[in-house]
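# Residue-level structural notes
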Amino acid sequence: MVEQLLTAGIAAAAGVAVYLGAAARVVKQYERGVVLRFGRLREGVRPPGFTMILPVADRLHKVNLQIVTLPIPAQEGITRDNVTVRVDAVVYFKVVDPASAIIAVEDYRFAVSQMAQTSLRSIIGKSDLDDLLSNREKLNQGLELMIDSPAMGWGVQIDRVEIKDVSLPETMKRSMARQAEADRERRARVINADAELQASHKLAEAAAVMSDQPAALQLRLLQTVIAVAAEKNSTLVLPFPVELLRFLERAAPPPAAPAAPPQSLPTPAPAARTPADTPAPDAAPPPLDLAVPPRDALPSLEDPTAPDPAQDPPTA
């Protein structure tokens, strides 16, 4: 009798242990439990910790409430300005309603992934290439709104969406590189022109100062010589400006005034010629003036009344 009671007690204890093992469940801190009894949703979500269910009637589904990082596969599309690109992104979401995540959708992870891919393709077709490259924050917000609208009915909240990379064709990359190079060259030329303009103003001011103080030009020349000599060259080219010569001319003393010429004495009148002053017979005669006077100065020997042979003879 005692043995039968002991055997029955052991069997009952074993049955209770098996029942407790089948009914006992543990829900982790980052999880919530959703119980379906005979296929119907039980009200209330099981909190984290130890919980009990009916082994045969109940089914416990644990839902993770952590933020899920879901990568979106690269999607190829054509932008609004007709450029073919490949864009991939990543979605951060979490479950805020465990019951809806189990009842409203079959697999909320797969549903969010497909919705993210569709929304990414739609964003690519509505955007320009410049927006994809430089205005990603606005595109991320638009993509988040497009995914979050249907996901709220699934008990899922989209936390953040980020576009990771934009792949371009090689020809487009080369074109953009040439455009960036041309833009940088343009800015370099503008900066150089601005520097030349400022330098010209400073040089004009320096020229005005040097024109007032010519000694400043000589000091500047000496500074140039010192700068060239610091290079340790064997040949020194020394420029000699004309302004320095003018400065030296102004610095030189003025020349002395020339002495006045002596006053000329009056010439005495010639004395009367005497026979002694007559030249000797063997002296050379003075040279004759053989200059021919002009024709107009000679007296005319022709008869003024005679007819001119150059004229036509008179007719009868």
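Residues numbered from 1 in each chain as written. Predicted model: local features only at pLDDT ≥ 70, side-chain atom pairs only at ≥ 80, totals over all residues. Heavy atoms only, no water.

Helix and strand counts for the protein come out as eight helices and eight strands. Buried positions account for 19% of the 316 residues belonging to the protein. Considering only contacts in the protein between residues 6 or more positions apart, those separated by 24 or more positions represent 65%. (Helix = DSSP H or I, 4+ residues; strand = E, 2+ residues; numbered from the N terminus. Buried < 20%, exposed > 50% of the residue type's maximum accessible area, 1.4 Å probe, protein only. Contact = heavy atoms within 4.5 Å.)

Moving on: the sheet that holds strand β2 (residues 31–37). Strands sit in the order β3-β2-β5 across an open sheet of three strands; the sheet is antiparallel. Each of the sheet's edge strands pairs with one partner strand only, and the pair in question is β3 (40–41) and β5 (58–64). (Pairing = 2+ DSSP bridges.)

Once that is clear, we can look at the sheet that holds strand β6 (residues 68–78). Across the sheet, which stays open at both edges, the three strands sit in the order β6-β7-β8 with antiparallel pairing between neighbours. Across the chains shown, the open sheet's two edge strands, defined by having one partner strand only, are β6 and β8 (156–167). On average, adjacent strands in this sheet sit at an angle of 25° to one another, irrespective of strand direction. Here β6 pairs with strand β7 (residues 84–95) via nine bridges, running antiparallel. Within β7, the residue paired with Ile72 across the bridge is Ala89. Along the sheet face, helix α3 (residues 108–126) touches β6, β7 and β8 and points at about 35° away from the line of β6. Seen against the sheet, helix α5 (residues 136–151) touches β7 and β8 and runs at an angle of roughly 140° to β8. (Axes fitted to C-alpha atoms, helices over the stretch in contact; angles between N-to-C directions.)

Once that is clear, we can look at the nonpolar core. If you look at the biggest cluster of nonpolar residues, it comprises 34 residues, and the most contacted ones within it are Val85, Val91 and Phe93. At the level of secondary structure, the elements contributing two or more residues to this core comprise β6, β7, α3, α4 (129–134), α5 and β8. The element that contributes the greatest number of residues to this core is α3, accounting for seven residues. Leave out the neighbours within four places in its chain, and Val85 touches Gln75, Glu76, Gly77, Thr79, Ile124, Leu129, Leu132, Val166, Ser167 and Leu168. (Core = buried A, V, L, I, M, F, W, Y, C linked by side-chain atoms within 4.5 Å.)

The full count for this structure, using the stated rule, is eight salt bridges. Two residues, Asp128 and Arg80, come together in a salt bridge whose shortest N-O distance is 3.1 Å. Here Asp128 is found in the loop between α3 and α4, whereas its partner Arg80 is found in the loop between β6 and β7, with 48 residues between them in sequence. For Asp128, a relative accessible area of 23% puts it in the partly exposed group. What emerges from the salt-bridge pattern is a single network uniting Asp183, Arg186 and Arg187. (Salt bridge = Lys/Arg side-chain N within 4 Å of Asp/Glu carboxyl O.)

Now for unusual backbone geometry. With a phi close to 55°, Phe38 is a non-glycine residue in the positive phi region. Tracing the chain through its elements places Phe38 in the loop between β2 and β3. Judged by relative accessible area, Phe38 falls into the exposed class, the value being 69%. The backbone phi angle of Asn82 is positive, close to 65°, even though this residue is not glycine.

Our next topic: the side chain of Gln75. Inspection of the secondary structure puts Gln75 in strand β6. Side chain to side chain, Gln75 and Arg121 meet in a polar contact 2.8 Å long. Every residue in contact with Gln75, bar those within four places of it in the chain, is listed here: Val85, Arg86, Val87, Gln117, Leu120, Arg121 and Ile124. (Polar contact = N/O pair within 3.5 Å; in protein donor to acceptor, adjacent residues only side chain to side chain.)

Nothing here speaks to function; it is all geometry.
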